[in-house]
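Structural overview for review
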Amino acid sequence: MKSLMKSVAAAALGFVAVSGVAEARDQIHIVGSSTVFPFATAVAENFGKSTDFKTPVVESTGSGGGLKLFCAGIGVQHPDITNASRRIKSSEVKKCADNGITDIVEVKVGYDGIVIGNAKSAPQLSLTKKQIFLALAKEIPDGNGGYVANPYMKWSDIDASLPNTKIEVLGPPPTSGTRDAFVELAMEGGAKKIDVLKALRKSDKKAFKAVAHSIREDGAFVEAGENDNLIVQKLEANPNAFGIFGFSFLDQNSDKIQGSKVGGNEPTFENIADGKYGVSRSLYFYVKKAHVGVIPGVQEYLTEFTSDDAWGDEGYLTDRGLIPMPTEEREAYKAAAMGLTNLSM
Amino acid sequence: MTDTTPNAVPPKSVTTASSERVAATLAKRHAAEKRFRMYGIGAIGLALTFLVILFGSIITQGYSAFWQTEIRLDVHIDEGEFASGEYADIRQASFNKMLRASLREVFPDVTSRKDKKELYKIISSGAKYELQNMVVENPDLIGTTVSFWMAASDDVDMLNKGYIDRSLPESDRRLSNFSIGLVDTLVEKGDLKSAFNTRFFSNADSREPEQAGIWGAAIGSFWTLMVTLLLSFPIGVAAAIYLEEFAPKNKWTDLIEVNINNLAAVPSIVFGLLGLALFLNWFNLPRSAPIVGGMVLTLMTLPTIIIASRAALKAVPPSIREAALGMGASRLQVVTHHVLPLAMPGMLTGTIIGMAQALGETAPLLMIGMVAFIADIPGGPTDPATALPVQIYLWADSPERAFVERTSAAIMVLLGFLIFMNLAAVLLRKKFERRW
């Protein structure tokens with residue numbers, strides 16, 4: 001019996017050893033944001049089909065998770081590119097540098113709008129950022145220098161022009177990049193419009209952020225998971241509810257849902273591209289310069305991504321809901337990508 | 001069924017009293033039994049209702065994915081597009097150009113740039129690769145005109161399947177009136193049909209819903225399960241035999257037993273984290289590879305297999321062991337010649353159930369990079385791959401409408417595999433089960 005056990009163990013170890021040698025990789029490995037995922041995969045697929053290189057592997061790990069993997073080191077076992085729905089943080093640049101990754105190329109992909117919308121069967125709302133903040137903040141100033149738990153239960157409590165329905169908003173959980181961006185752009189933007197908080201921002205930035213970034217937990221805001229499709233389905237079933245989701249889901253489901261105006265502007269392709277619609281963020285990807293030329297195809301992948309066919313005004317990425325940058329900005333990032341210009345914070 | 005005691009004949013008065021008591025409570029007890037049965041039927045009925053709702057919603061949503069709208073075009077494969085010479089690559093020719101030319105031929109009235117753009121969008125953006133593959137396989141086609149059916153774009157497919165409502169205002173639809181007009185013309189000409197969706201079964205993942213298939217994920221699942229089976233079956237069975245037949249009963253073996261039972265209940269994501277730390281960071285195995293997936297799932301299925309195998313070994317009556325020992329067999333011979341063959345059906349059943357469980361897992365694969373977009377079909381256990389349940393998860397999260405039906409169709413395929421595996425386990429048990 002012992003010999004049988006031994007041979008089994010030896011076989012298992014042998015199995016590990018044979019495959020265990022970290023072999024040279026001939027395929028680009030991309031990790032990162034689930035928001036950039038549909039765009040990165042579209043480029044990867046076209047790149048794989050139109051060149052002799054293998055199709056890159058694209059993992060959806062979230063922006064933070066992707067940067068963590070990316071900054072873990074140089075070598076075939078570490079990813080070559082990471083996608084992010086926000087800019088790299090200086091703490092992450094430092095972490096990268098600690099692991100020997102000093103040369104990083106930053107490429108901005110384009111813009112993504114974040115929509116607060118409802119079912120088509122309900123009336124379209126026109127909100128301001130301040131109203132969004134008042135509807136969703138956990139605590140709001142009580143007017144006497146203190147804070148009270150958000151007292152607003154109905155939209156009409158905030159402003160008489162808003163409908164007389166319960167505030168019910170479905171949105172992504174705190175782990176999501178969409179949530180981060182929404183909090184930063186819409187909530188913080190709204191908080192700045194309130195005088196008390198504006199003053200607080202000047203005196204104590206941390207305290208301001210604590211107030212501006214806290215979303216209420218009394219049931220008016222429902223965490224609906226990372227899956228935006230699910231939010232769309234729930235909105236369809238409940239016309240009184242609102243949802244927070246990425247623009248590409250509005251684009252694909254324009255027969256079922258509508259985006260609310262924010263600051264008087266509808267979330268349309270044009271408005272987001274012009275910067276008129278305020279709740280939009282930039283998408284990025286980061287390339288490890290040390291891997292260019294080592295992993296075959298990295299440079300060519302950059303060429304494909306920055307081609308007009310892909311991220312141009314009428315490129316295939318716009319069909320997937322990407323909002324392209326203006327031409328000059330695109331040219332600048334293309335030049336940086338081609339020249340492998342180092343990231344400057 | 002009655003409560004009368006089987007003792008010696010009781011005095012008459014007692015019999016009457018007890019039978020009266022019986023008669024008094026009989027109706028109540030019958031009612032209680034009936035109620036209990038009703039609860040049982042109710043519980044099963046409820047479970048079945050949910051099952052029917054689940055299957056019903058999946059099937060009604062997903063059956064349409066087995067059909068794909070195709071468009072026929074006469075494409076002239078222009079010789080001039082191909083570079084000549086020894087090293088010329090057929091793939092470098094612009095097949096897109098040829099397809100666009102033939103589309104313009106079908107609709108000569110379409111002239112404005114905007115309209116042309118919409119016209120080009122009615123066929124799948126993968127159609128050029130379909131044409132390319134055809135020409136690569138048969139270079140004699142160069143210079144001829146071929147008439148072939150290519151996939152329509154996902155929006156046209158959705159229109160043809162009735163998921164796009166024509167009565168809505170134009171701005172609320174994915175397809176404009178102009179595009180719908182083009183599609184209707186093709187239908188009139190008989191150049192648009194619904195065909196069995198072979199792409200769904202032969203392609204790997206794609207960002208174009210009409211080109212996306214489950215074959216890549218199915219092969220990934222196959223390699224993963226192969227590795228799992230090769231590792232977990234021998235290790236699991238050997239561990240079970242040792243613990244059941246050879247190990248002394250003491251504190252240590254008790255501790256091991258408690259730990260094995262405990263491991264069976266550990267959330268599967270924990271095994272993924274272990275796999276990340278051990279196999280990827282320490283052994284430097286490749287990310288996203290089925291070999292690592294298989295090893296992680298081995299850790300997950302081992303407890304199931306060990307527990308089932310031990311139960312199967314326990315079910316072999318001791319008389320068989322004693323008889324073999326009495327005939328002079330060694331303990332190893334007792335196990336290999338007598339006990340193991342008798343316990344094998346039970347062990348195999350446990351293994352198949354463990355494998356079926358592993359087939360449906362996504363959480364441990366997340367940590368080791370198998371939740372990824374992989375457009376190439378994996379050729380072996382070290383190639384990047386994904387698995388069937390992961391494919392379902394990725395499609396469910398895609399914005400394109402056409403992925404909704406494909407998600408459901410992929411669930412049907414996965415359910416098919418699971419039903420097949422569990423059925424095999426049941427049949428195996430029925431065929432080889434022995435009763436003593």
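Re the overall build of chain B
Looking only at helices and strands, chain B has 16 helices and 4 strands in total. Counting only C-alpha atoms, chain B reaches 110 × 65 × 35 Å along its principal axes. Per element, the accessible surface of chain B, about 22,600 Å² overall, is 63% carbon and sulfur. One finds the centroid of the 40 positive side-chain charges in chain B at a distance of 13 Å from the centroid of its 41 negative side-chain charges.

Observations concerning the domain arrangement of chain A
Residue and element names in this part refer to chain A. For chain A, the assigned domains read domain 1 (25-111 + 282-338) and domain 2 (113-280). The C-alpha-based centres of domain 1 and domain 2 are spaced at 30 Å. On the side of domain 2, 10 residues touch domain 1, which itself brings 10 residues to the contact. For the domain 1 and domain 2 pair, buried surface summed over both sides reaches about 760 Å², with 59% attributable to carbon and sulfur atoms. Of all residues in domain 1, Tyr-111, Gly-321 and Ile-323 give up the largest surface area on contact with domain 2, accounting jointly for 49% of the area buried on that side. Scanning the region where domain 1 abuts domain 2 turns up 0 salt bridges. Taken together, the residues of the side of domain 1 that touches domain 2 break down into 4 nonpolar, 4 polar and 2 charged.

Regarding the sheet that holds strand S1 (residues 67-76) of chain B
Residues and elements named next belong to chain B. The strand order across the open sheet built from 3 strands is S2-S1-S3, with neighbouring strands paired in antiparallel fashion. Both edges of this open sheet fall to strand S2 (145-151) and strand S3 (192-196), since each of them pairs with a single strand only. Taking the axes of each pair of neighbouring strands and ignoring which way they run, one obtains an average angle of 40° across the sheet. In terms of strand pairing, S1 meets S3 through 5 bridges, oriented antiparallel. Paired with Glu-70 across the two strands is Lys-193, which belongs to S3. Its contacts with the sheet place helix H2 (residues 95-106) against S1 and S2, and it is angled at close to 90° to S1.

Focus: the interface of chain B and chain A
Across the contact, 44 residues belong to chain B and 46 residues belong to chain A. Carbon and sulfur atoms supply 53% of the area buried between chain B and chain A, which totals about 4,300 Å² over both sides. Joining chain B to chain A, the criterion identifies 7 salt bridges. Between B:Arg113 and A:Glu314 there is a salt bridge, and its shortest N-O distance comes to 3.3 Å. Across the contact surface, chain B and chain A share 16 residue pairs in polar contact (both at pLDDT 80 or more). Contributions of two or more residues to the side of chain B that touches chain A are made by helix H3 (113-120), helix H8 (215-246), helix H11 (290-314), strand S4 (372-373) and helix H15 (388-396) of chain B.

Let's talk about the pattern of salt bridges
For the structure on display, the rule yields 37 salt bridges over all chains. B:Arg166 serves as the salt-bridge partner of B:Asp184, at 3.0 Å between the closest nitrogen and oxygen. Taken together, the residues B:Asp184 in helix H6 (residues 177-189) and B:Arg166 in the loop between helix H5 (154-160) and H6 connect sequence positions 18 residues apart. One salt-bridge network, held together by shared partners, links A:Arg320, B:Arg207, B:Glu208 and B:Glu400.

Focus: unusual backbone geometry
Residues and elements named next belong to chain B. Look at Asn-284: it is not a glycine, yet its phi comes out positive at around 55°. With respect to the helices and strands, the residue Asn-284 is situated in the loop between helix H10 (268-280) and H11. The phi torsion at Ser-288 lies on the positive side, around 60°, for a residue other than glycine. Here Ser-288 is to be found in the loop between H10 and H11.

Section: the nonpolar core
Counting 131 residues, the largest nonpolar core has A:Phe133, A:Leu136, A:Trp155, A:Phe182, A:Tyr301 and A:Leu317 as the members making the most contacts within it. Here this core takes 9 residues from helix H16 (residues 402-432) of chain B, the largest share from any one element. Leaving out residues up to four positions away in the same chain, A:Trp155 has contacts with A:Leu127, A:Ala135, A:Leu162, A:Pro163, A:Thr165, A:Lys166, A:Ile167, A:Glu168, A:Val169 and A:Phe242. Core analysis: the next-biggest nonpolar cluster, separate from the first, contains 35 residues, B:Leu73, B:Phe82, B:Ile123 and B:Ile180 among them.

Topic: H2(B)
Turn by turn, an α-helix covers 3.6 residues, leaving residues three or four places apart pointing in a common direction. Residue and element names in this part refer to chain B. Here H2 contains 12 residues, and its C-alpha end-to-end distance of 17 Å stays within 8% of the 16 Å for a straight helix at 1.5 Å per residue. Along H2, the residues classified as buried are Phe-95, Met-98, Leu-99, Ser-102 and Leu-103. All buried residues of H2 fall inside an arc of 135° around its axis, so they share one side. In this structure, the buried residues of H2 make contact with S1, H3, helix H4 (127-137) and S2.

Overview of helix H2 (residues 37-50) of chain A
Residue and element names in this part refer to chain A. Given a rise of 1.5 Å per residue, 14 residues ought to cover 20 Å, and the 20 Å separating the end C-alpha atoms of H2 matches this to within 8%. Of all 14 residues in H2, 12 are buried; the element is thus mostly enclosed. Residues Phe-37, Pro-38, Phe-39, Ala-40, Thr-41, Ala-42, Val-43, Ala-44, Glu-45, Asn-46, Phe-47 and Gly-48 constitute the buried set of H2.

What to know about the pairing of S1(B)
Here S1(B) pairs with S2(B) via 7 bridges, running antiparallel. Opposite B:Arg72, over in S2(B), you have B:Trp149 as the bridge partner.

Digging into empty space enclosed by the protein
The full count for this structure, using the stated rule, is 4 cavities of 30 Å³ or more. Considered as a void within the structure, the largest cavity measures approximately 90 Å³ in volume. The wall of the largest cavity is formed by 13 residues, among which A:Gln252, A:Asp255, B:Ile164, B:Arg174 and B:Arg401 lie closest to the centre. Here the lining of the largest cavity is composed, by residue class, of 4 nonpolar, 2 polar and 7 charged.

Some details on the packing of H8(B) against H15(B)
All names here are of chain B. One way to put it is that H8 packs onto H15 with a least axis distance of 8 Å and a crossing angle of 145°. In this structure, H8 uses Ala-217, Ala-218 and Ser-221 to contact H15, whose residues at the interface are Leu-388, Pro-389 and Gln-391. Here the contact of H8 with H15 is composed, by residue class, of 4 nonpolar, 2 polar and no charged.

A few points about the packing of aromatic side chains
Residues and elements named next belong to chain B. Overall, the coordinates contain 16 aromatic pairs over all chains when judged by the stated rule. On the basis of an interplanar angle of 80° and a centroid distance of 6.0 Å, the ring pair of Phe-66 and Phe-200 is categorised as edge-to-face. Here Phe-200 lies in helix H7 (residues 198-202) and Phe-66 lies in the loop between helix H1 (12-62) and S1, a separation of 134 residues in the sequence. Here the two residues Phe-66 and Phe-200 agree in accessibility, since each one is buried. Ring geometry for Trp-282 and Phe-283: centres 5.3 Å apart, planes at 25°, overall stacked. Classification of Phe-283 by relative accessible area gives partly exposed; the value is 27%. In textbook terms, an aromatic cluster arises when at least three aromatic residues are bridged by ring pairs, as seen for Phe-66, Phe-196, Phe-200, Phe-201, Trp-395 and Phe-403. Across from the ring centre of Phe-107, 5.8 Å away, lies the NZ or CZ of Lys-189, which sits over that ring. Looking at Lys-431, its charged tip hangs above the ring of Phe-432, at a distance of 5.6 Å from the centre.

Procedures and definitions
- Within every chain, residues take consecutive numbers counted from 1 along the sequence as written.
- Here the convention is simple: chains get letters from A, ligands get numbers from 1, in the order in which they are written.
- With the structure being a predicted model, the display of local features is reserved for residues of pLDDT at least 70 and the display and counting of side-chain atom pairs for 80 or more, all residues being used for whole-chain, interface and lining totals.
- Neither water nor hydrogens contribute to the side-chain values; these are computed over all heavy atoms in the structure.
- Put simply, DSSP marks the helices as runs of H or I at least four residues long and the strands as runs of E at least two long, and each gets a number from the N terminus on.
- Residue-level accessible areas treat just the shown protein chains as cover; the underlying method is Shrake-Rupley with a 1.4 Å probe.
- Here Asp and Glu are counted as negative and Lys and Arg as positive; His is not counted, and neither are the chain ends.
- Think of each charge as sitting on NZ of Lys, CZ of Arg, CG of Asp or CD of Glu.
- The domain boundaries here were taken from an automatic or database domain assignment.
- Residue contacts follow a heavy-atom distance rule, with two residues in contact if any of their heavy atoms lie within 4.5 Å.
- By convention, the term buried area covers the 1.4 Å-probe accessible surface removed from two parts as they join, with the contributions of both added.
- Salt bridges are defined as contacts in which a side-chain nitrogen from Lys or Arg sits within 4 Å of a carboxyl oxygen from Asp or Glu.
- Amino acids outside the nonpolar list (Ala, Val, Leu, Ile, Met, Phe, Trp, Tyr, Cys, Pro) and the charged list (Asp, Glu, Lys, Arg) are all regarded as polar, and Gly is one of them.
- Any two strands between which DSSP finds at least two bridges are classified as paired.
- Every angle, taken between N-to-C directions, lies between 0 and 180 degrees, and every axis is a line fitted to C-alpha atoms, over only the stretch in contact when it is a helix.
- Any N or O atom pair separated by 3.5 Å or less is treated as a polar contact, with the protein-specific requirement of one donor-capable and one acceptor-capable atom, and with residues adjacent in sequence counted only for side-chain atom pairs.
- Here, nonpolar core means buried Ala, Val, Leu, Ile, Met, Phe, Trp, Tyr and Cys residues that are tied together by side-chain atoms lying within 4.5 Å of each other.
- Burial classes: relative accessible area under 20% of the type maximum marks a residue as buried, over 50% as exposed, and values in between as partly exposed (1.4 Å probe, protein chains only).
- By this rule the span expected of a helix is its residue count minus one, scaled by 1.5 Å.
- It is the directions from the helix axis to the C-beta atoms whose arc is reported.
- The definitions used throughout rest on a 1 Å grid laid over the protein atoms alone, on which a cavity is an enclosed set of points accommodating a 1.4 Å probe that cannot get out and a pocket is an open set flanked by protein within 12 Å on both sides along at least five of seven lines; lining residues are those having an atom within 4 Å of a point.
- Grid points are joined across faces, edges and corners, and a volume is the space filled by probe spheres set on the points.
- Aromatic contacts are taken between Phe, Tyr and Trp rings whose centres are within 6.5 Å, Trp giving its six-membered ring; a plane angle under 30 degrees counts as stacked, one over 60 as edge-to-face, and the others as tilted.
- By the criterion adopted, a ring carries a charge over it if an Arg CZ or a Lys NZ lies within 6 Å of its centre and within 35 degrees of its normal.

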